Amino acid sequence: EHGLIMEAPKFPLKEGRYLVTGGRMVTTGLTIDRNGRWKLDEGTLCDVTHLPCRAARYQPTVAEGQSTVVNAKMVASPLAANRKDFPVVPGAVMPEVEGCNKQDYAVLFVVGKAS
């Protein structure tokens, strides 16, 4: 949300039961099955999403072997993001970056894991 390039999180979460929250009103169980499907015990994804935080994964759309430097400007990289687009307004989607595909992610806090 602040335009920082962060360490990639470990995805996907392993099969199991987790306790999750968005740090607001709802804390609930999350079950992830072996196929990666998930289900909350109660509430919606929005209920357990930490709304002030957003994240996105940016991946180059250029074909392998093509240059990512055009007119002495870096493209197809998060480094090409317009710094004026940050910080992102709460509730807004992450900005597009020229030459990149974008996958938005919800941020939630895993506060426990069943053993």
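Keep in mind that what you see is a predicted model, and the values were worked out from it rather than measured. Per chain, residue numbering runs from 1 following the sequence as it is written. Since the coordinates come from a predicted model, pLDDT governs what is reported: local features require at least 70, and pairs of side-chain atoms require 80 or more to be given and counted, while whole-chain, interface and lining totals use all residues. Excluding hydrogens and water, the side-chain figures rest on all heavy atoms present in the structure.

Q: Residue-level account of the overall build of the protein chain, with values.
A: In DSSP terms, a helix is any run of H or I states spanning at least four residues, a strand is any run of E spanning at least two, and both are numbered starting from the N terminus. Helices and strands together make up the secondary structure of the protein chain, namely zero helices and eight strands. Counting from the amino terminus, the protein chain carries its helices and strands in the arrangement β-β-β-β-β-β-β-β. The burial tally for the protein chain puts 23% of its 115 residues in the buried class. Only heavy atoms matter for contacts: two residues are in contact if any of them lie within 4.5 Å across the pair. Once local pairs closer than 6 in sequence are excluded, the contacts in the protein chain between residues at least 24 apart make up 56%. Looking at the protein chain as shown, the accessible area adds up to about 8,400 Å², and 56% of this sits on carbon and sulfur atoms. Think of it in three bands: residues with accessible area under 20% of the maximum for their type are buried, residues over 50% are exposed, and the middle band is partly exposed, with areas taken using a 1.4 Å probe on protein chains only. For the area figures, the Shrake-Rupley method with a 1.4 Å probe applies, and any residue is considered shielded solely by the protein chains shown.

Q: So what's going on with the pattern of salt bridges? Residues and values would help.
A: A pairing counts as a salt bridge when a side-chain nitrogen of Lys or Arg comes within 4 Å of a carboxyl oxygen of Asp or Glu. Applying the stated criterion to the full structure yields four salt bridges. A salt bridge links lysine 102 to aspartate 104; the nearest nitrogen and oxygen atoms lie 2.6 Å apart. One network of salt bridges, with partners in common, ties together Glu96, Lys102 and Asp104.

Q: I'd like a description of the pairing of strand β1 (residues 16-21), backed by residues and values.
A: Along any regular strand the residues' side chains alternate between the sheet's two faces. Taken together, the six bridges between β1 and strand β2 (residues 27-32) define a ladder with antiparallel strand orientation. When the sheet's bridge partners are listed, leucine 19 is paired in β2 with glycine 29. Two strands pair when backbone bridges link them, and β1 and strand β8 (residues 109-113) are joined in this way by four bridges, in the antiparallel orientation. The residue of β8 that forms the bridge with threonine 21 is phenylalanine 109. Here the rule is simple: two strands pair whenever DSSP picks up at least two bridges between them.

Q: Residues and numbers for the environment of tyrosine 105, please.
A: Position of tyrosine 105 relative to the elements: it lies in strand β7 (residues 100-106). Along the chain, tyrosine 105 and alanine 55 lie 50 residues apart, while their C-alpha atoms are 5.3 Å from each other.

Q: Explain unusual backbone geometry to me, using residue names and the numbers behind them.
A: The phi torsion of most residues other than glycine is negative, and most of the peptide bonds are trans. Omega for the bond connecting phenylalanine 86 with proline 87 falls within 30 degrees of zero, at -5 degrees, which places this linkage in the cis form. If you trace the backbone, proline 87 turns up in the loop between β6 (73-74) and β7.

Functional significance is not addressed by these values, which are geometric in nature.
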